[in-house]
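Single-letter residue listing:
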Amino acid sequence: MDFKIYVKDVNEDNRQEKFEKAATELSKAMDLPITIRHREKEGESFLYRAQEELVEKWIRYVGKILDAVYLGLCRYFDLPKVTTFRKAVNDNIDDLEPLKFKGKILFNPETGKPITRKQWKEIIAQIEKFLNRHLKDVEKKMILESEVLGRILNRMLKYNTREAIEALKLEELKYKNRKFETISDSIKKLRETFNLSDFDTQRLILAEDVLGEHITALTNNLKSGIKKVFTQGIRERKSKGKLVQDLFDRFGDINRDWRRIVEYEVNDNINNAFLAEEKANSAPDEKIYLQRLEVIDQGTCKHCEKINGKIVLLVDEPLLDEKIKDKYAEIAIWPGKSNIGRPSKEWWVAAGSQHPFCRGSWERVYPDLAEELGVEVG
Ligand SMILES: [Zn+2]
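Quick caveat, the model's predicted, so the values are computed rather than measured.

A. Main features of the nonpolar core. Counting 87 residues, the largest nonpolar core has Leu 73, Phe 77, Ile 123, Ile 226 and Phe 230 as the members making the most contacts within it. A per-element tally of this core places helix α2 (residues 49-76) first, with 15 residues. Looking at which domains feed residues into this core, each of domain 1 (47-281) and domain 2 (286-378) supplies at least three. In contact with Phe 77, not counting residues within four places along its chain, are Ile 105, Phe 107, Ile 115, Ile 123, Phe 230 and Lys 240. Counting residues in each nonpolar core, the second largest holds 9 residues, with Tyr 289, Trp 334, Trp 348 and Val 365 among its members.

Shown next, in the form of C-alpha cells:
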C-alpha cells in the first residue's frame, strides 16, 4: 500500500490541527486505530504547584476508571488492542481492578451478528455497577480537598512569601501543623479545623451537589455513548477496527468533558475557599481588598490578562452591577460570583473560576493601610 499525505499552508496557529488531521486520515486509510494524539495542552498556567497537583489527581482518578471500562469492553468484544493518547492506559490502571463482564458474546459487526437487548442490559448494568463503586463520594472528596487547599493557601500566604508557597507540593501543605490529607477527609474535620460558618457549610454542600450532577451526567453519557457506538457499528456493518476507533473517540470526548469539569470546579472552590478564609479572619467591618493574580504567558486569555493585577473589593452580598465607587477598587466581587451563563463579551470578574481552565487566584492587599502609612502597593 502506498500513501501520500499533503499538508498545506501550515503555520504556527494551525500546525497541531493540520498534522492531527493528517494522522487521522492516514489511520482511516489504513483502517487502523489512531494511536497517537497530542497531550492536551489546555488552559492557562498554574500559579501553585499544589493546585496543579490536585487538578491532575482528579483528572487521573476518573481517567483510570474510564480506561478500565474501555479496556474491559475491548477485551470482552475481542476488539483490536488500542493504546490511548493519554499513555495512561495499560501502564496506569494497575492498581484498579479490571472490569470483567460475565458470559461470552459472539458478535460480528461485519456480518451484522448483533448483540441482543438482554445482553446489552446486562453489559450496561455491569458498567453501571463498576462506575458506581469507583465514583462513590468522588464529588465530596474533590470539593473538600479544594476547599482545604484554598484555605491553607490563604493561611500560609500570611506567613510565607508567595514564591515559597507556589513551589509547595500538596503533601507539604499544613494548616496549624496539620497536614492537608488529615484535614480534608471529612466535612466534620473541616468544620473543626476552620470553624466553618453555616453559609460556608451550605456552600460546600451545594458545590458537592453540582459536581454530583456533573458526574451523573457524565456516566449517563458514557453508557449511552457506548451503546450507540456498538449499535451503529453493527447496523452499519463497520469493521471492528472502525468500531474500536469510534469507541476510543467516544471515551476521548468523555475524558475531555471530565477534565473541563475538574478544572472548573476545583479552581472555583479553591478561590471561593480562599475568600471565605480571608473573610473569616477579618474584622466584620474591615474592608477586604484583593489583587488578581494570573500567570501571564502564551496561555493566558485576554480576559485574564486584562484583570491581572486589578484590585477588587470583597463584599458580602451580590450586586446588580459589579462596578463600584471606591477609593481603591473599581470592581466588587462576592462569594459565588461567576460567569456561568454570561456571554464572554459580558464576563465580569468572577470570585472563583473566570472560565473553564482558568487558573488565576487572589492575594490580599491593603491599599487603605498603605496610604495611611505612606507606602505604595500593587
Ligand atoms: Zn483566562
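B. Expanded view of the coordination of the zinc ion. Around the zinc ion, the donor atoms from the protein are Glu 44 (OE), Cys 301 (SG), Cys 304 (SG) and His 355 (NE2), and they sit 2.0 to 2.3 Å away. For the zinc ion, the 4 donor atoms are set out with angles of 101 to 115 degrees between them, so the coordination reads as tetrahedral. Linear spacing of the donor residues for the zinc ion on their chain is E-x256-C-x2-C-x50-H. The exposure class of Cys 301 is partly exposed, given its relative accessible area of 22%.

C. Structural context of the sheet that holds strand β5 (residues 331-333). Judged by pairing direction, the sheet is mixed, and its 4 strands sit side by side in the order β5-β4-β3-β6 without closing on themselves. The open sheet is flanked by β5 and β6 (361-365), the only strands paired with a single partner. Strand-to-strand twist in this sheet, taken as the mean axis angle between neighbours without regard to direction, amounts to 45 degrees. Across 5 bridges, strand β3 (residues 288-293) lies against β6 in antiparallel orientation. Residue pairing for β6: Gln 291 is matched across the bridge by Glu 363.

Rules used throughout
- Residues numbered from 1 in each chain as written.
- Predicted model: local features only at pLDDT ≥ 70, side-chain atom pairs only at ≥ 80, totals over all residues.
- Heavy atoms only, no water.
- Core = buried A, V, L, I, M, F, W, Y, C linked by side-chain atoms within 4.5 Å.
- Buried < 20%, exposed > 50% of the residue type's maximum accessible area, 1.4 Å probe, protein only.
- Helix = DSSP H or I, 4+ residues; strand = E, 2+ residues; numbered from the N terminus.
- Domains from an automatic or database assignment.
- Contact = heavy atoms within 4.5 Å.
- Donors = N, O, S within 2.8 Å, 3.2 Å for Na, K, Ca; no water.
- Tetrahedral: all angles 85-135°; square planar, octahedral: opposite > 155°, others 65-115°.
- Pairing = 2+ DSSP bridges.
- Axes fitted to C-alpha atoms, helices over the stretch in contact; angles between N-to-C directions.

As far as function goes, none of this settles anything; it's purely spatial.
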